[in-house]
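So you can see what is in the structure, the chains are spelled out below.
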Amino acid sequence: MDKLRSMEVFVAVVDAGSFTGAASARAISPVMVGKHIAQLEERLGARLLTRTTRRQSLTEIGQQYAEQCRAILAQIAAAESGAEAMRATPRGRLKITAPVSFGSEWLGPAMTDYLALHPEVSLDLNLNDRTVDLVDEGYDAAIRIGRLEDSSMVARALFPYAMVICASPDYLARRGRPRRPSELAEHECLDFTPWQHSLRWRLDGSDGAQMIPPGRFRSNNGQALRMAALCGFGIVMQAEVLLAQDIAAGRLLPILEEYLPAPKPMHLVYPRDRQATPKLTTFIDFMLERFGPAARLPLASSA
């Protein structure tokens, strides 16, 4: 017999004052009530109840054990109630990881809206361009850019991760607007060092633009290159999510749009066996509504 079940029956006997009353309260037979009590007494090696033909009473051990059983059963009830509440209302800590550019420019601000909708949820947002192991590092979900390889994850498509090439109006007024990729060799191209050397500035329909000399300004951080472009130093090629607001405001002007590399897929991923808690399901729904395949960056609001 289940130990907790026997403890519940024992407390019912104490409350009802008889086996018959406990049997009625627990919807079992008086014989089964007796078996539960006998099992507990055998396990404890002591009598819990003194029974006569007229009445029953608790032994000293039985009285102490009854108090402890009540406390244990109350704790179990509280734990179950808390678990049910967790499944009914989004609450708890949500741990998310995302690439730096998308996370800082769009996901971070959007998460303030999500948290406003769900005041009992707290957020731990880690921005990192490496591929994080969600299970080993305890993350609920991640934003991934590019082709997915891990089939153990559930993947929900977001809008494509597109690139743009831009320069400031001042730079283009001074140096002219390049019309073909090969003309980039005559310009200051802000160089993003994490890209493989052979793939830097390789554009669709390119006529040798990938052979342009390395720029004088190189960085492993897209935000630093963005700021250099805003200062009028050169031409930047970075993710649309990083430069969209500058384009919308006219601080940067897009160029060579017909030669841009094909957009990369972007997905929201989470472990396939992760329990569908309200905090995770509401986060997934929010992300698909805000950044789903049909969504576009809200450029107009940035102007």
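Up top is the structure these notes are about.
Let me begin by describing the structure that accompanies this report. (Residues numbered from 1 in each chain as written. Predicted model: local features only at pLDDT ≥ 70, side-chain atom pairs only at ≥ 80, totals over all residues. Heavy atoms only, no water.)

**A short note on the overall build of the chain**
And then number 1: Counting its regular elements, the chain contains 10 helices and 12 strands.
And then number 2: Expressed as a percentage of the 303 residues in the chain, the buried residues total 42%.
And then number 3: For the chain, the share of sequence-separated contacts (at least 6 apart) that also reach a separation of at least 24 residues comes to 74%.
And then number 4: Approximately 16,100 Å² of the chain is accessible, and the part contributed by carbon and sulfur atoms is 51%. (Helix = DSSP H or I, 4+ residues; strand = E, 2+ residues; numbered from the N terminus. Buried < 20%, exposed > 50% of the residue type's maximum accessible area, 1.4 Å probe, protein only. Contact = heavy atoms within 4.5 Å. Areas by Shrake-Rupley, 256 points an atom, 1.4 Å probe, with all protein chains shown as cover.)

**Concerning the pattern of salt bridges**
And then number 1: A full pass over the atoms with the stated rule returns 12 salt bridges.
And then number 2: Ionic pairing is found between Glu120 and Arg91, a salt bridge with its closest N-O pair at 2.6 Å. One end of the pair, Glu120, is in the loop between helix 5 (100-117) and strand 4 (121-127); the other, Arg91, is in the loop between helix 4 (60-88) and strand 3 (92-98), with 29 residues separating them in the sequence.
And then number 3: Classification of Glu120 by relative accessible area gives partly exposed; the value is 43%.
And then number 4: Look at Arg91 and you get partly exposed, because its relative accessible area is 22%.
And then number 5: Put simply, Asp170 and Arg174 hold a salt bridge, and the shortest N to O gap is 3.2 Å. On the criterion of helical spacing, the pair formed by Asp170 and Arg174 is a turn pair, its members being four residues apart in helix 7 (residues 169-175). (Salt bridge = Lys/Arg side-chain N within 4 Å of Asp/Glu carboxyl O.)

**Focus: the environment of Gly292**
And then number 1: Looking at the element boundaries, Gly292 is found in the segment after helix 10 (278-291).
And then number 2: Note: C-alpha distance between Gly292 and Arg156 (136 residues apart in sequence) is 8.4 Å.
And then number 3: Once you skip the residues sitting within four places of it in the chain, Gly292 turns out to touch Ala157, Leu158, Phe159 and Met287.

**Regarding the nonpolar core**
Grouped burial of nonpolar side chains is what soluble globular proteins tend to show.
And then number 1: Formed by 43 residues in total, the largest nonpolar core has its most connected members in Phe102, Leu107, Ile143, Phe283, Met287 and Phe291.
And then number 2: With near-sequence residues (within four places) excluded, Phe283 lies in contact with Leu94, Ile96, Met111, Tyr114, Ala141 and Leu268. (Core = buried A, V, L, I, M, F, W, Y, C linked by side-chain atoms within 4.5 Å.)

**Regarding the side chain of His118**
And then number 1: Along the chain, His118 turns up in the loop between helix 5 and strand 4.
And then number 2: For His118, a relative accessible area of 17% translates into the label buried.
And then number 3: In contact with His118, not counting residues within four places along its chain, are Pro90 and Thr282.

**Quick word on the environment of Ser24**
And then number 1: Topologically, Ser24 is positioned in helix 2 (residues 19-26).
And then number 2: Look at Ser24 and you get exposed, because its relative accessible area is 61%.
And then number 3: For the pair Ser24 and Ala12, spaced 12 residues apart in the sequence, the C-alpha separation amounts to 9.6 Å.

**Quick look at the pairing of strand 10 (residues 235-239)**
And then number 1: Judged by how many residues are buried, strand 10 sits mostly within the fold: five of five residues are covered.
And then number 2: Strand direction decides the pairing type here: strand 7 (residues 163-167) and strand 10, joined by four bridges, are antiparallel. Counterpart to Met163 in the pairing with strand 10 is Ala239.
And then number 3: Summarising the sheet, strand 8 (residues 189-192) and strand 10 pair through two bridges and their orientation is parallel. Along strand 10, the bridge assignment pairs Leu190 with Val236. (Pairing = 2+ DSSP bridges.)

**Describing the packing of aromatic side chains**
And then number 1: With the rule as written, the count across this model stands at seven aromatic pairs.
And then number 2: Geometrically, the ring pair formed by Tyr114 and Phe283 is edge-to-face, given 6.0 Å between the ring centres and 85° between the ring planes. Here Phe283 lies in helix 10 and Tyr114 lies in helix 5, a separation of 169 residues in the sequence.
And then number 3: Classification of Tyr114 by relative accessible area gives buried; the value is 1%.
And then number 4: Among the aromatic side chains, those forming a connected cluster through ring pairs are Phe102, Phe159 and Phe291. (Phe/Tyr/Trp six-rings, centres within 6.5 Å; stacked < 30°, edge-to-face > 60°.)

**What to know about helix 9 (residues 240-249)**
And then number 1: Among the residues of helix 9, those classed as buried are Glu240, Val241, Leu242, Leu243, Ala244 and Asp246.
And then number 2: Of the surrounding elements, those touching the buried residues of helix 9 are helix 5, strand 7, helix 8 (222-230) and strand 10.
And then number 3: In the segment just after helix 9, Gly250 is the residue with positive phi, at about 80°.

**Concerning the sheet that holds strand 4**
And then number 1: In space, the five strands of this open sheet follow the order 4-3-5-12-6, with mixed pairing throughout. The sheet is open, and its two edges are formed by strand 4 and strand 6 (153-157), each paired on a single side. Between one strand axis and the next, the sheet turns through 25° on average, direction left out of account.
And then number 2: Across four bridges, strand 5 (residues 141-145) lies against strand 12 (residues 266-271) in antiparallel orientation. Bridge assignment links Ile143 to a residue of strand 12, and that residue is Leu268.
And then number 3: Sitting on the sheet, helix 5 touches strand 3, strand 4, strand 5 and strand 12, and the angle it makes with strand 4 is about 175°. (Axes fitted to C-alpha atoms, helices over the stretch in contact; angles between N-to-C directions.)

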